[in-house]
Amino acid sequence: MAKRLQAVRGMNDLLPEQTPGWQWMERCIADTLRRYGYDEIRLPIMEPTALFARSIGEVTDIVEKEMYTFEDRNGDSVTLRPEGTAGCVRAGEQHGLLYNQVRRLWYMGPMFRHERPQKGRYRQFHQVGAEVFGLAGPDIDAELILLCARLWKELGIQDHVTLQVNSLGTSASRGRYRDALVAFLTKRRSDLDADSQRRLDTNPLRILDSKDGGTQSLLVEAPQLADFLDAESAEHFYGFLRYLDQAGIPYTVNQRLVRGLDYYGRTVFEWVTDSLGAQGTVCAGGRYDGLVEHLGGKPTPAVGFALGLERLLLLLETAGALSRVPDRAPQVCLVALGEAAEAARLTLAERLRDDLPGLRVLSVLGGGGMKSRMKKADQSGARFALIQGEDELHGDQITVRDLRREGAQVTVPAAEIAGWLRERLAD
Ligand code: ATP
Ligand code: MG
């Protein structure tokens with residue numbers, strides 16, 4: 001027998017019982033972004049490989065070992081996008097959206113990284129990204145945080161996430177810090193975990209967020225990034241923190257917060273939760289003022305964040321927030337019995353949909369006797385079954401059974417059924 005076909009490991013189907021929660025979450029996010037003036041941009045899920053190597057950085061985890069890269073039929077190297085910022089900048093440049101103007105953009109969709117699948121970590125996952133171009137001040141950094149905070153409130157998880165912030169300074173000040181950190185750690189090289197030893201030569205700042213206990217305790221004595229900040233970055237950072245204070249947003253300054261991608265500088269932040277184990281970062285972002293120019297555009301300040309939707313959904317589940325997902329079940333089921341009534345039922349359903357535009361109507365189709373059709377109506381979750389047999393049809397009537405109340409059944413003139421339902425379903 002042929003082997004049963006399976007999805008690619010780490011790539012998930014979202015089944016019908018899961019999609020209502022997703023749709024609700026996505027709608028909340030899109031509505032919130034609209035309230036802050038963001039415009040949606042839709043981008044390809046595949047880009048030339050060079051785009052990611054140049055923007056994310058050659059020695060990052062993503063580019064070194066996580067990308068889905070292959071040659072297409074022309075022999076061109078293409079990559080399934082591991083994140084959205086690079087493609088967004090590429091599109092912005094290509095279509096002249098970025099120069100000399102302010103843009104607030106957002107996108108949503110699948111991202112691909114070849115990581116070890118586990119709870120909150122998949123090979124295809126989804127992000128919502130928000131990117132702002134053309135604003136250099138700390139006010140927009142703070143506005144992004146306020147947007148997130150509002151979103152958490154809309155979703156009902158404001159008590160489950162906390163904010164961590166840091167400043168990475170400019171690439172010059174970061175360079176000076178990197179030298180000091182490397183000097184410090186080189187003396188203690190043999191006490192570092194294997195990954196950090198490797199990073200000491202390639203991407204030493206990433207050692208700061210090593211999960212290894214031994215490495216973390218070494219770092220207590222290490223030079224601090226804050227002591228190397230240039231004056232302008234420090235001023236930007238304190239401006240950012242002042243805005244957060246004014247808005248009453250609690251935060252922790254985490255000196256060890258660095259981001260896994262090369263393009264970040266100055267403000268970085270993460271929204272974290274302790275409800276999801278090791279995969280605790282739900283939303284992460286920061287400033288990337290150098291990236292547009294680095295990719296061939298004019299110097300353009302930029303800041304943004306990416307929100308991991310699988311982790312957000314897990315958090316919504318843990319927090320019990322999905323109880324607010326609107327009911328998707330039909331409100332009304334049509335059950336027809338006999339040839340003539342069956343012939344008329346689709347028309348009746350259309351008339352109901354015309355008269356009551358928000359109404360969710362399910363026609364019970366397929367064969368079966370009255371009993372099995374009523375069972376289907378009941379299982380649909382509908383409140384009312386509208387029953388038409390030959391008798392009702394001839395009398396221009398409909399029998400309405402309240403499926404949620406034992407023995408409640410009335411007969412309603414067919415012409416009045418829309419009004420009758422409108423009244424009953426209003427509450
Ligand atoms: P982590 O440290 O957990 O690997 P990251 O720094 O690689 O995260 P980013 O590149 O900043 O993550 O992506 C932003 C967000 O996208 C993360 O905070 C997370 O919510 C989500 N995310 C990243 N990688 C995955 C993945 N493999 N599966 C599910 N969600 C992910
Ligand atoms: Mg990662």
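Computed from a predicted structure; not experimentally measured.

**Topic: the overall build of the chain**
Working step 1: Counting secondary structure elements, the chain contains 15 helices and 16 strands.
Working step 2: The C-alpha radius of gyration of the chain comes to 28 Å, more than 25% above the 22 Å expected for a compact globule of 427 residues.
Working step 3: With the principal axes as the frame, the chain shows a C-alpha extent of 90 × 60 × 45 Å.
Working step 4: Here the chain holds 427 residues, and 50% of them are scored as buried.
Working step 5: The contacts of the chain with a sequence gap of at least 6 include a subset with a gap of at least 24, amounting to 70%.
Working step 6: Of the accessible surface of the chain, which amounts to about 21200 Å², a share of 49% is contributed by carbon and sulfur atoms.
Working step 7: On the chain, the mean spot of the 54 positive side-chain charges and the mean spot of the 59 negative ones are 2 Å from each other.

**Remarks on unusual backbone geometry**
Working step 1: Despite not being glycine, Asn 100 shows a phi value in the positive range, around 60 degrees.
Working step 2: Relative to the helices and strands, Asn 100 resides in the loop between helix H4 (85-94) and strand E5 (103-112).
Working step 3: At Asp 396, a position not held by glycine, the phi torsion is positive, near 50 degrees.
Working step 4: Turning to its location among the elements, Asp 396 is positioned in the loop between helix H14 (390-394) and strand E15 (397-402).

**Quick word on the layout of surface pockets**
Working step 1: Each pocket or cavity is described by its volume, and for the second largest pocket that value is around 310 Å³.
Working step 2: Considering the residues around the second largest pocket, the lining is formed by 16 residues, among which Ala 149, Gln 158, Ile 249, Pro 250 and Trp 271 are closest to the centre.
Working step 3: Taken together, the elements giving at least two residues each to the lining of the second largest pocket come down to helix H5 (138-155) and strand E7 (162-167).
Working step 4: The element contributing the most residues to the lining of the second largest pocket is H5, with six residues.
Working step 5: Among the residues making up the lining of the second largest pocket, the classes are represented as 10 nonpolar, three polar and three charged.

**Observations regarding the sheet that holds strand E13 (residues 361-363)**
Working step 1: The strand order across the open sheet formed by five strands is E13-E12-E14-E15-E16, and the pairing between neighbours is mixed. Across the chains shown, the open sheet's two edge strands, defined by having one partner strand only, are E13 and strand E16 (409-413). Across the sheet, the mean angle separating the axes of adjacent strands is 25 degrees when strand polarity is ignored.
Working step 2: With four bridges connecting them, strand E14 (residues 384-388) and E15 associate as antiparallel partners. Residue pairing in the sheet places Leu 386 in a bridge with Val 400 of E15.
Working step 3: With respect to the sheet, helix H13 (residues 370-379) is in contact with strand E12 (332-336), E14 and E15, its orientation differing from that of E12 by roughly 170 degrees.

**Topic: the pattern of salt bridges**
Working step 1: Going through the model one piece at a time under the given rule, you end up with 24 salt bridges.
Working step 2: Ionic pairing is found between Arg 206 and Asp 209, a salt bridge with its closest N-O pair at 3.4 Å.
Working step 3: According to the relative accessible area criterion, Arg 206 is buried, its value standing at 16%.
Working step 4: Two residues, Arg 405 and Asp 402, come together in a salt bridge whose shortest N-O distance is 4.0 Å.
Working step 5: Judged by its relative accessible area of 53%, Arg 405 is exposed.
Working step 6: Take Asp 402: its relative accessible area is 7%, and that puts it in the buried class.
Working step 7: A single network of salt bridges, built from pairs that share partners, joins Asp 61, Lys 65, Arg 199, Arg 206 and Asp 209.

**A short note on the state of the cysteines**
Working step 1: A full pass over the atoms with the stated rule returns zero disulfides.
Working step 2: Cys 148 carries a free sulfur, and the closest cysteine sulfur to it, the one in Cys 283, is 4.1 Å from it.
Working step 3: Overall, the relative accessible area of 1% leaves Cys 148 in the buried class.

**Section: the site of ligand 1**
Working step 1: Taken together, the neighbourhood of ligand 1 is formed by 15 residues, with Arg 113, Glu 115, Arg 121, Tyr 122 and Arg 259 sitting nearest.
Working step 2: Contact distances for ligand 1 include 2.6 Å between a nitrogen atom and a side-chain N or O atom of Glu 115.
Working step 3: The contact in question runs from an oxygen atom of ligand 1 to an N or O atom on the side chain of Arg 121, over 2.8 Å.
Working step 4: For ligand 1, the accessible surface in isolation is 580 Å², of which the surrounding protein chains cover 89%.
Working step 5: Of all the elements in the fold, those that place two or more residues in the shell around ligand 1 are strand E6 (124-133), strand E10 (281-287) and strand E11 (302-308).
Working step 6: The element best represented in the shell around ligand 1 is E10, accounting for three residues.

**Describing the side chain of Ser 380**
Working step 1: You can see Ser 380 is positioned in the loop between H13 and E14.
Working step 2: A relative accessible area of 17% places Ser 380 in the buried class.
Working step 3: There is a polar contact of 2.6 Å between the side chain of Ser 380 and the backbone oxygen of Ala 377.
Working step 4: In contact with Ser 380, not counting residues within four places along its chain, are Ala 329, Pro 330, Cys 333 and Leu 362.

**Considerations on the packing of aromatic side chains**
Working step 1: This model, assessed by the stated rule, comprises nine aromatic pairs.
Working step 2: Joined through ring pairs, the aromatic side chains of Phe 133, Tyr 263, Tyr 264 and Tyr 288 make up one cluster.

Thresholds applied
- Residues numbered from 1 in each chain as written.
- Chains lettered and ligands numbered in written order.
- Predicted model: local features only at pLDDT ≥ 70, side-chain atom pairs only at ≥ 80, totals over all residues.
- Heavy atoms only, no water.
- Helix = DSSP H or I, 4+ residues; strand = E, 2+ residues; numbered from the N terminus.
- Rg over C-alpha atoms; globule rule 2.2 N^0.38 Å.
- Buried < 20%, exposed > 50% of the residue type's maximum accessible area, 1.4 Å probe, protein only.
- Contact = heavy atoms within 4.5 Å.
- Areas by Shrake-Rupley, 256 points an atom, 1.4 Å probe, with all protein chains shown as cover.
- Lys, Arg positive; Asp, Glu negative; His and termini not counted.
- Charge placed at Lys NZ, Arg CZ, Asp CG, Glu CD.
- 1 Å grid on protein atoms, 1.4 Å probe; cavity = no way out; pocket = protein on both sides within 12 Å on 5 of 7 lines; lining within 4 Å.
- Points joined across faces, edges and corners; volume = space filled by probe spheres on them.
- Nonpolar A, V, L, I, M, F, W, Y, C, P; charged D, E, K, R; others polar.
- Pairing = 2+ DSSP bridges.
- Axes fitted to C-alpha atoms, helices over the stretch in contact; angles between N-to-C directions.
- Salt bridge = Lys/Arg side-chain N within 4 Å of Asp/Glu carboxyl O.
- Disulfide = S-S within 2.5 Å.
- Near = heavy atom within 4 Å.
- Polar contact = N/O pair within 3.5 Å; in protein donor to acceptor, adjacent residues only side chain to side chain.
- Phe/Tyr/Trp six-rings, centres within 6.5 Å; stacked < 30°, edge-to-face > 60°.

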